[in-house]
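# Coordinates in review
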Amino acid sequence: AEKISALTRSEKSFDVMAAREFGNVYYEFKKLDRNPEFFEISGHFPGWVTRMLFKPNMTINAVAPRYCRVERLAKMSPAALTRELESAAATRPSNLQLRNIAGGVLADIDPRLWTFVPRFSDFDAKLALFNQFHHLGLALDDMVNPYYGKEVPKKIDGSICFDGPLEDKKAIRCLRLEI
């Protein structure tokens, strides 16, 4: 079989998506500034009181690193991505601050954009599996997992699959061998 090349760095880039999502969050937080409907629709909460509990710039500054992280993760190799996700799972900083109580709560809502990045690496792992099996004709014992190095793929329901950092419910890292 012909070799299928891995996804390029630009194909895996999340720069435009992260910038667009950050822009949406930025303008939403700015619209909430001193908004009388901050706590309820058709509310008449005084703007100055809302400002005491919600500071849009502090909230924007608290969420900005999340979008930078998505861009950074997308540029990592699969092995580095695995290490980063495993270390980040152990430490998750809180954005809660006394001066910005409501903003801290809003900033703590994780849109989980970063979960899309490993899916592109999972697809790359599938391409590597295809190339190693069909193009190079390697035995399962000789295959190299882009995430974990020398690893024998698992046989699952007529497919061979590599392990990865996240659960793979849709079998993205699997190559079907039998119908």
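Because the structure is a prediction, the values reported are computed rather than measured. (Residues numbered from 1 in each chain as written. Predicted model: local features only at pLDDT ≥ 70, side-chain atom pairs only at ≥ 80, totals over all residues. Heavy atoms only, no water.)

The next subject is the overall build of the protein chain. Counting its secondary structure elements, the protein chain contains six helices and five strands. Of the regular secondary structure in the protein chain, the N- to C-terminal order runs α-α-α-α-α-α-β-β-β-β-β. Taking 2.2 N^0.38 as the reference for a compact globule, 179 residues should give roughly 16 Å; the C-alpha atoms of the protein chain span a radius of gyration of 22 Å, well beyond that estimate. Relative to its 179 residues, the protein chain shows a buried fraction of 35%. Summed over all atoms, the accessible surface of the protein chain reaches about 11,000 Å², with 58% contributed by carbon and sulfur. (Helix = DSSP H or I, 4+ residues; strand = E, 2+ residues; numbered from the N terminus. Rg over C-alpha atoms; globule rule 2.2 N^0.38 Å. Buried < 20%, exposed > 50% of the residue type's maximum accessible area, 1.4 Å probe, protein only. Areas by Shrake-Rupley, 256 points an atom, 1.4 Å probe, with all protein chains shown as cover.)

Our next topic: the layout of surface pockets. Approximately 180 Å³ is the volume attributed to the second largest pocket. Lining the second largest pocket are Val25, Phe29, Leu32, Val63, Arg66, Tyr67, Leu106, Ile109, Asp110 and Pro111. Of all the elements in the fold, those that place two or more residues in the lining of the second largest pocket are helix H1 (15-32) and helix H3 (56-74). Across the lining of the second largest pocket, the residue classes tally to eight nonpolar, no polar and two charged. (1 Å grid on protein atoms, 1.4 Å probe; cavity = no way out; pocket = protein on both sides within 12 Å on 5 of 7 lines; lining within 4 Å. Points joined across faces, edges and corners; volume = space filled by probe spheres on them. Nonpolar A, V, L, I, M, F, W, Y, C, P; charged D, E, K, R; others polar.)

This part covers the pattern of salt bridges. Within the structure shown, the criterion is met by nine salt bridges. Here Asp122 and Arg173 are joined by a salt bridge, their closest N and O atoms 3.0 Å apart. Remark: Arg173 occurs in the loop between strand S4 (159-161) and strand S5 (174-176) and Asp122 occurs in helix H6 (residues 116-135); sequence separation between them is 51 residues. The exposure class of Asp122 is buried, given its relative accessible area of 0%. Here the residues in one salt-bridge network are Arg119, Asp122 and Arg173, joined through shared partners. (Salt bridge = Lys/Arg side-chain N within 4 Å of Asp/Glu carboxyl O.)

Strand order in the open sheet formed by three strands is S3-S4-S5, and the pairing between neighbours is antiparallel. With partners counted over all chains shown, the strands left at the sheet margins are strand S3 (154-156) and S5, one partner each. The mean inter-strand angle of the sheet, taken between neighbouring strand axes irrespective of direction, is 25 degrees. The strands touched by H6 are S4 and S5; relative to S5, the strand with the most contacts, the crossing angle is about 45 degrees. (Pairing = 2+ DSSP bridges. Axes fitted to C-alpha atoms, helices over the stretch in contact; angles between N-to-C directions. Contact = heavy atoms within 4.5 Å.)

Quick look at the nonpolar core now. Within the largest apolar cluster, 21 residues are counted, with the highest numbers of intra-cluster contacts made by Val70, Leu73 and Val117. Put simply, the parts of the chain that give this core at least two residues each are H1, H3, helix H4 (78-90) and helix H5 (101-107). Here the element with the most residues in this core is H3; it accounts for six residues. Each residue touching Leu73, except ones within four places of it in the same chain, is listed here: Leu81, Glu84, Leu85, Trp114 and Val117. Of all hydrophobic cores here, the second largest spans nine residues; its members include Phe130, Tyr147, Phe162 and Leu175. (Core = buried A, V, L, I, M, F, W, Y, C linked by side-chain atoms within 4.5 Å.)

Take empty space enclosed by the protein next. What the rule picks out here adds up to one cavity of 30 Å³ or more. The computed volume of the largest cavity comes to approximately 30 Å³. Counting only elements with at least two residues in the lining of the largest cavity, the list comes to H3 and H6. Ranked by residue count, the leading element in the lining of the largest cavity is H6, at three residues.

Turning next to the environment of Asp163. With respect to the element layout, Asp163 can be found in the loop between S4 and S5. Residue classification places Asp163 among the partly exposed residues on the basis of a relative accessible area of 27%. Apart from the residues within four sequence positions on either side, Asp163 is in contact with Asn145, Tyr147, Tyr148, Glu151, Lys154 and Arg173. A polar contact of 3.0 Å, which involves the side chain of Asp163, links it to the side chain of Lys154. (Polar contact = N/O pair within 3.5 Å; in protein donor to acceptor, adjacent residues only side chain to side chain.)

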